[in-house]
Amino acid sequence: ADMPYDEFARMQVAGDILRPDREGAAAVGFLVAGTHNTVLGASPLMKNQARQDELGEIVGTVTQAFLGLTVACARCHDHKFDPIPIQDYYSIAGVFNNTREGETPLADRKVIDAYHNARKPIDALHDKIRKGKKQPKSDEIKKQIANWQKEVKELEAKAPPKFEFAHTLRDIGSEDMKVALRGNALKPGEVAPRRFLRIVAGKDREHFNRGSGREQLAKAVVDPTNPLTARVFVNRVWQHHLGQGLVRSPDNFGTLGQAPTHPELLDWLAVDFRESGWDVKRMIKQMVMSATY
């Protein structure tokens, strides 16, 4: 559909908010495709650790994919090489800490209601079977359980299949997160207001205070004053078509990343891309029709 890249990037971070439809729900599947621990221990430490790992995965993926920065390295301490303090990590993590994974239906209300209505008697029978199996064994109980199981099979054969859904996330809060001292959420430090990276947006940057803050974060990622997003993306496209990027470390534009081989070309491509309305097809055509290609 030749969606402009700035819209595409915003959709990946906050599509369910920007467009509460099938495409918006599918877009934020990007955020839940990584680490997710569904078998948690009973201890608060294990639960907190699992949640911190999930947030670290999301923060790391979003910032490397769009900004070429290894922000996840600041989870336990200030970044050792780049100007990214631990507070900035928790400013971004705090946005996603106000979300939870779940299923978003991709069907009409009638289809969803028909499925749930058909499941009610089936679920009730399953409940009876579970309770029956806990009772003292007798011929009568065994016969009753067998009848219920037969009835379940008959109902399931007639029931409609589950409706289409997206594995996605939703907002559940609007709280700022506290810094986890040395990465330990059970040892909270000062509050880190949800906002963008200071190295990009400056010291007096906007507080992400609408819902989870994802919509404001998405906007900041493609803000015209943000010099990274356009450069990171045109570098990825260059790498795809010419074998290697102008920056050989496409996921790391930081101090430990490699300097661009042709910085003026990277700058020109990025500015031209942004001024063209983030038109991906136009940029690709421009690259593959060049003498360099």
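Structure report, in brief. Bear in mind that the values here come from a model prediction, so they are computed numbers and not experimental data. Residue positions are counted from 1 within each chain, in the order its sequence is given. Two thresholds apply to this predicted model, a pLDDT of at least 70 for residue-level local features and 80 or more for giving and counting side-chain atom pairs, whereas whole-chain, interface and lining totals are computed over all residues. Computation of side-chain values: all heavy atoms of the structure, hydrogens and water removed.

## Focus: helix α4 (residues 86–97)
Piece 1. What counts as a helix is a DSSP run of H or I of at least four residues, what counts as a strand is a run of E of at least two, and both are numbered from the N terminus. For a helix, the expected span equals 1.5 Å multiplied by the residue count minus one. Over its 12 residues, α4 extends 16 Å from the first C-alpha to the last, a length consistent with the 16 Å expected when each residue adds 1.5 Å.
Piece 2. Think of it in three bands: residues with accessible area under 20% of the maximum for their type are buried, residues over 50% are exposed, and the middle band is partly exposed, with areas taken using a 1.4 Å probe on protein chains only. The buried count for α4 comes to 10 of 12 residues, which makes it a mostly enclosed element.
Piece 3. Within α4, burial applies to Ile-86, Asp-88, Tyr-89, Tyr-90, Ser-91, Ile-92, Ala-93, Gly-94, Val-95 and Phe-96.

## What to know about the pattern of salt bridges
Piece 1. Salt bridges, as used here, are contacts in which a Lys or Arg side-chain nitrogen is within 4 Å of a carboxyl oxygen on Asp or Glu. Taken as a whole and assessed by the stated rule, the structure comprises 21 salt bridges.
Piece 2. A salt bridge links Asp-21 to Arg-19; the nearest nitrogen and oxygen atoms lie 3.5 Å apart.

## Looking at the packing of helix α1 (residues 5–18) against helix α8 (residues 214–221)
Piece 1. Working convention: axes come from line fits to C-alpha atoms, limited for helices to the stretch in contact. Angles between N-to-C directions cover 0 to 180 degrees. At a minimum axis distance of 8 Å, the contact between α1 and α8 shows a crossing angle of 145 degrees. Relative to α8, α1 is oriented so that their crossing is left-handed. Judged by residue contacts, Arg-10, Val-13, Ala-14, Asp-16, Ile-17 and Leu-18 of α1 engage Arg-214, Glu-215, Leu-217, Ala-218 and Lys-219 from α8. For any pair of crossing helices, the crossing counts as left-handed if the nearer helix is rotated counterclockwise from the farther one by less than a right angle, and right-handed if it is rotated clockwise. Should any heavy atoms of two residues lie within 4.5 Å, those residues are counted as being in contact.

## Thoughts on the environment of Ile-199
Piece 1. Mapped onto the elements of the fold, Ile-199 is located in helix α7 (residues 198–201).
Piece 2. C-alpha of Ile-199 to C-alpha of Ile-84: the two residues are 115 residues apart in sequence and 7.1 Å apart in space.

## Looking at the nonpolar core
Piece 1. Side-chain atoms within 4.5 Å link the members of a nonpolar core, which is a set of buried Ala, Val, Leu, Ile, Met, Phe, Trp, Tyr and Cys residues. Counting 54 residues, the largest nonpolar core has Tyr-90, Phe-96, Phe-196, Leu-217 and Phe-273 as its most contacted members.
Piece 2. Going through the elements one at a time, α1, α3 (44–67), α4, β3 (177–180), α8, α9 (228–242), α10 (263–275) and α11 (280–288) are the ones with two or more residues in this core.
Piece 3. Per-element tally for this core: the top contributor is α4, with 7 residues.
Piece 4. The residues contacting Tyr-90, other than those within four sequence positions of it, are Gln-52, Arg-75, Met-177, Lys-178, Val-179, Ala-180, Gly-183 and Ala-192.
Piece 5. Formed by 9 residues, the second largest nonpolar core is a distinct cluster that contains Ala-118, Leu-125, Ile-129 and Val-152.

## Re the packing of α9 against α10
Piece 1. Packing of α9 against α10 leaves a shortest axis separation of 9 Å and a crossing angle of 110 degrees. When the interaxial angle is binned, α9 and α10 end up roughly perpendicular. Contacts from Ala-230, Arg-231, Phe-233, Val-234, Asn-235 and Trp-238 of α9 reach α10 at Leu-265, Leu-266, Asp-267, Leu-269, Ala-270, Phe-273 and Arg-274.
Piece 2. Here the term charged refers only to Asp, Glu, Lys and Arg, the term nonpolar to Ala, Val, Leu, Ile, Met, Phe, Trp, Tyr, Cys and Pro, and the term polar to all other amino acids, Gly among them. Of the residues assigned to the contact of α9 with α10, the class counts are 9 nonpolar, 1 polar and 3 charged. Relative orientations are named as follows: roughly parallel for angles under 35 degrees, roughly antiparallel for angles over 145 degrees, roughly perpendicular for angles from 65 to 115 degrees, and oblique for any other angle.

## Some details on unusual backbone geometry
Piece 1. One non-glycine residue, Asp-2, lies in the positive phi region at around 55 degrees.
Piece 2. Within the secondary structure, Asp-2 is located in the segment before α1.
Piece 3. One non-glycine residue with positive phi stands out, namely Arg-182, at about 55 degrees.
Piece 4. Inspection of the secondary structure puts Arg-182 in the loop between β3 and β4 (188–192).
Piece 5. Residue classification places Arg-182 among the exposed residues on the basis of a relative accessible area of 76%.

## Details of the state of the cysteines
Piece 1. Sulfur atoms of two cysteines make up a disulfide when they are within 2.5 Å. Under the definition given, this model contains 0 disulfides.
Piece 2. With no disulfide of its own, Cys-73 lies 10.0 Å from the sulfur of Cys-76, the closest cysteine sulfur.
Piece 3. Given a relative accessible area of 40%, Cys-73 falls into the partly exposed group.

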